[in-house]
Amino acid sequence: MAGEPQADCLFCKIVKGEVPATVVKETATTLAFRDINPQAPVHVLVIPKVHHPDAASLAAAEPAIAADVLREAGEVALQENGDSGFRIVFNTGAGAGQTVFHAHAHVLGGRGFNWPPG
């Protein structure tokens, strides 16, 4: 069921404390932690504590929590990267590069980024 923890979901296990993560920030509805395969000097994932498979389904089912994720991504970016600019990426679906099917934002910073991203 949407919103409920999934036994086979890596990020649900991180939320429950079953899998370790380097936590940067936590709120009642979100958890932010360092990516284990960083693609930039700053690479933090911000996830909702509830399970939804991707950003689109999270936004449709629980827009307030989707807003929490986006707000926390901005706060984490400022905390980790100051005001030098950052990128927030939501990969949605395997074709877009999503590998963990629990909604999450990638907060990237600490280097320049080209456009289009690739």
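My aim in this report is to walk through the structure given alongside it, one point at a time. (Residues numbered from 1 in each chain as written. Predicted model: local features only at pLDDT ≥ 70, side-chain atom pairs only at ≥ 80, totals over all residues. Heavy atoms only, no water.)

**A few points about the sheet that holds strand β5 (residues 105–109)**
The strand order β1-β2-β3-β5-β4 describes an open sheet built from five strands, whose pairing is antiparallel. Looking at strand neighbours, the two that pair on one side only are β1 (23–26) and β4 (86–89), the edges of this open sheet. Between one strand axis and the next, the sheet turns through 20 degrees on average, direction left out of account. Sheet topology note: the β4/β5 ladder contains four bridges and is antiparallel. Across the sheet, Phe-86 pairs through a bridge with Gly-109, a residue of β5. Strands β1, β2 (30–34), β3 (42–48), β4 and β5 of the sheet are contacted by helix α3 (residues 63–81), whose axis makes an angle of about 155 degrees with β3. (Pairing = 2+ DSSP bridges. Helix = DSSP H or I, 4+ residues; strand = E, 2+ residues; numbered from the N terminus. Axes fitted to C-alpha atoms, helices over the stretch in contact; angles between N-to-C directions. Contact = heavy atoms within 4.5 Å.)

**Focus: the pairing of β5**
Burial within β5 is extensive, with five of its five residues counted as buried. Burial along β5 is two-sided: the face carrying Ala-105, Val-107 and Gly-109 and the face carrying His-106 and Leu-108 are both buried. One ladder, built from five bridges, connects β3 with β5; its direction is antiparallel. What sits directly across from Val-44, in β5, is Val-107. (Buried < 20%, exposed > 50% of the residue type's maximum accessible area, 1.4 Å probe, protein only.)

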